[in-house]
Amino acid sequence: KQWYQRRVRGVYSGRRGIHCWVSDEIARKLNNTGRGAIADYMSVIIGGDQQAKKVTISGTPHPAIKRAVKIVSQYFDELMIQNQDFLSTPEKCNKVLGMMPPKTIQADLIGWATSSADSKTKWKKLKEQWFTYAKSKKGIHHEMNAIYEVILQLCYPRLDVNVTKGLNHLLKSPFSVHPKTGRVCVPFRASDIDTFDPFAVPTLEQVIGEMNQWKGDEGAGKVAEYAKTSLKSSVELFRQFADECHRASAGVAEKENKMDW
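Since the model is a prediction, treat every value here as computed from it, not as a measurement.

Bringing the packing of helix H5 (residues 119-136) against helix H6 (residues 145-155) into the picture now. As a packed pair, H5 and H6 sit with axes 9 Å apart at the nearest point and diverge in direction by 145°. Between H5, through Trp 123, Lys 127, Trp 130 and Phe 131, and H6, the contact on the second element is made entirely by Ala 146, Ile 147, Val 150 and Ile 151. When the residues that make up the contact of H5 with H6 are grouped by side-chain class, the tally is seven nonpolar, no polar and one charged.

Right, dumping it as structure tokens:
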């Protein structure tokens, strides 16, 4: 939204990720440099699996960081505390503690990771300990930064900058087939993310089988091959999206060619 982009559709990658297709004309015409700049700007989680702390915020948080934290915070308790119980074991606790700035409150939380308290209580204790420390070091640590860092590392999407900026990756288009899983890359609505089941997405082999086994009536006219499969709703959803993009582009062109003085 910061770049006036409105035509956005999520597409399942076929394995474990999501491709966010931004189809506004201004986005489609970006070169690798422009695409990379946007991806870098939006990237918050930096580092590989062996790096414990992947988010670092220095000084006053950027407005984009504050907006991200505000959005994530709406779902943090339900997602991390209720659903995932993210501090339920000493291993999980130590992992979260590793996301905090090093050599700050770790020594003050001896016994915290192994206590029998639930995740909600442990999370409250961690925040209280940090706020006490931050106030004692006023001017060195922004009071909320460390908490923001943990929240974002746990909940902010990890972006693949190389995939985003490389035009060759556009080959991974909707309805392509993932080479390892065989699953079809199907579009879905963002509002359906909580109920979307990647394991229910059909494989190419399944789609071929559905077409071969179809026994419907074509008396009213030829039925499109996709309509004989479980991809029917996905294709119709993407067709609606494509029509919206076409109408939007046509509207922009008409406005630019208008000869009003």
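Picking up where we left off.
What follows deals with the packing of aromatic side chains. Tallied over the entire structure, the rule returns eight aromatic pairs. Centroid distance Phe 76 to Trp 123: 5.2 Å. Interplanar angle 35°. Geometry classified as tilted. In this pair, Phe 76 is assigned in helix H3 (residues 63-83) and Trp 123 in helix H5, connecting sequence segments 47 residues apart. Residue Phe 76 is classed as buried on the basis of its relative accessible area of 3%. Plain terms: the ring middles of Phe 188 and Phe 196 are 4.6 Å apart, the flat faces sit at 25° to each other, and that makes the pair stacked. An aromatic cluster is defined as three or more aromatic residues linked by ring pairs; in this entry it consists of Tyr 12, Phe 188 and Phe 196.

At a minimum axis distance of 9 Å, the contact between H3 and H6 shows a crossing angle of 70°. By the angle between their directions, the pair H3 and H6 is classed as roughly perpendicular. When you trace H3 past H6, the crossing you get is left-handed. Residues Ile 65, Ala 68, Val 69, Val 72, Ser 73, Phe 76, Leu 79 and Met 80 of H3 form the contact with H6, whose participating residues are Tyr 148, Ile 151, Leu 152, Leu 154 and Cys 155.

Definitions and limits used
Residues numbered from 1 in each chain as written. Predicted model: local features only at pLDDT ≥ 70, side-chain atom pairs only at ≥ 80, totals over all residues. Heavy atoms only, no water. Axes fitted to C-alpha atoms, helices over the stretch in contact; angles between N-to-C directions. Helix = DSSP H or I, 4+ residues; strand = E, 2+ residues; numbered from the N terminus. Contact = heavy atoms within 4.5 Å. Nonpolar A, V, L, I, M, F, W, Y, C, P; charged D, E, K, R; others polar. Phe/Tyr/Trp six-rings, centres within 6.5 Å; stacked < 30°, edge-to-face > 60°. Buried < 20%, exposed > 50% of the residue type's maximum accessible area, 1.4 Å probe, protein only. Parallel < 35°, antiparallel > 145°, perpendicular 65-115°, else oblique. Left-handed = near helix turned anticlockwise from the far one by under 90°.

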